[in-house]
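Residues per chain are reported as follows:
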Amino acid sequence: MRVGILTGGGDCPGLNAVIRAIVRRTIGKYGGEVLGFRFGWAGVMEGNTLPLGIDEVSGILPRGGTILGTSRTNPFRSEGGPEAIERQFKKAGLDGLVAVGGEDTLGVGYRLFQEHDLPIVGVPKTIDNDISGTDFTFGFDTAVAIATDAIDRLHTTAESHNRVVVVEVMGRHTGWIAVKAGIAGGADLILIPEIPVTLEEVCDTIRKRHARGKRFSIIVVAEGAEFPSAETKEAADASVVVSHSGTDAFGHVRLGGIGNKLAEVIEEDTGYETRVSVLGYIQRGGTPTAFDRVLGTRFGVVAADLVHGRDFGKMASIHGDRVIPVEMSHATEAIKRVDNELYEVARTFFG
Ligand code: F6P
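Treat the numbers as computed from the prediction; the structure is a model and nothing was measured.

Caption draft 1: View of the pattern of salt bridges. Scanning the model with the defined rule gives 13 salt bridges in all. As a salt-bridge pair, D11 and R284 come within 3.0 Å of each other at their nearest N and O atoms. Taken as a pair, D11 in the loop between β1 (2–7) and α1 (15–28) and R284 in the loop between β11 (274–278) and α9 (290–308) lie far apart in primary sequence, 273 residues in all. Judged by its relative accessible area of 16%, R284 falls in the buried class. Notably, a salt bridge pairs D188 with R209, separated by 3.1 Å at the nearest N-O pair. Pair noted here: D188 is in the loop between α6 (176–185) and β7 (189–191) and R209 is in helix α7 (residues 199–211), with a separation of 21 residues, a long-range link. On the basis of relative accessibility, which here comes to 7%, the residue D188 falls in the buried class. Residues participating in the shared-partner salt-bridge network are R163, E273 and R275.

Here it is in structure tokens:
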């Protein structure tokens, strides 16, 4: 059995745990071989490979990033991309390929499985936790832990200076990191794309808090949050803040900058001194938490088993504490959004 692996899209802590698990399971249990492809789908199109044996994956479990490298390459946007991939499958003699990635990487994998009959299985990853069909993606727990630690630190400086501190976190068009880290860090307000809140409400909440004697506030804002106007209160009237013009190979805008805009409005409207901390890529870097190492490892083992069982078009997922295969098509469904119930818990502590 010859198994290929690629890691695509934004990196996240836990990718190396998955690679290690696929290699150890494929070689140790099935006596097979593993071939890594460098830099996501780009490496598969170009045949840029790295043989992966037990030695190559030794010691990588606690390491952040991915030893294979990654990219946001979309083969369906390159002339002859899918055909080049078919050729590389034949050349490498692959029995199956494990695509480890988010909705874009898995979406490509699913199309190649469906439209080109290629033997592909998926492993869902992203710090954003926005993939349908699984309760969690690995990388998310680490990002939440990093953001929570940052909020704890910002609390002490905000309190010392009587300031409002706006903390901008990642998450693309969902507020999972914001809401979980915000609850864990005791944020005074959490703003996420799923539940639009007007700027007037934001400022009123901070004013009320000051009125009850709390002269500092921590506001967590997800990079994809939008602010509807008070009159219409509809998200459609708002738009995301982007840090860069243009889109990537999958049509995504580059989010970022909402924290600064929000801080300006808060300071102008309330008169309270306000500062911003944009956590950015720190949330994706470094060593994974124990939870993400275990989840990545369990996903990797399931993926190797799927290839061995020739059960293609599936991806690993976790439901409760059960790690099970589900249809890979889930990854291309609507993104998984924060529900009202969780936000209600967070709201209890606002103001
Ligand atoms: O999907 C993970 C993520 O970190 C998002 O939270 C963020 O919006 C995006 O990737 C940033 O992408 P890039 O690495 O291309 O700048």
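Caption draft 2: Layout of the packing of α1 against α9. Relative to each other, α1 and α9 sit at 40°, their axes nearing to 7 Å. One finds that α1 runs oblique with respect to α9. Once α1 is placed against α9, the crossing between them reads as right-handed. Along its contact with α1, which presents A17, V18, R20, A21, I22, R25 and T26, the element α9 presents R293, G296, T297, G300, V301, A304 and D305. Its residues placed into classes, the contact of α1 with α9 shows six nonpolar, four polar and four charged.

Conventions we followed
Residues numbered from 1 in each chain as written. Predicted model: local features only at pLDDT ≥ 70, side-chain atom pairs only at ≥ 80, totals over all residues. Heavy atoms only, no water. Salt bridge = Lys/Arg side-chain N within 4 Å of Asp/Glu carboxyl O. Helix = DSSP H or I, 4+ residues; strand = E, 2+ residues; numbered from the N terminus. Buried < 20%, exposed > 50% of the residue type's maximum accessible area, 1.4 Å probe, protein only. Axes fitted to C-alpha atoms, helices over the stretch in contact; angles between N-to-C directions. Parallel < 35°, antiparallel > 145°, perpendicular 65-115°, else oblique. Left-handed = near helix turned anticlockwise from the far one by under 90°. Contact = heavy atoms within 4.5 Å. Nonpolar A, V, L, I, M, F, W, Y, C, P; charged D, E, K, R; others polar.

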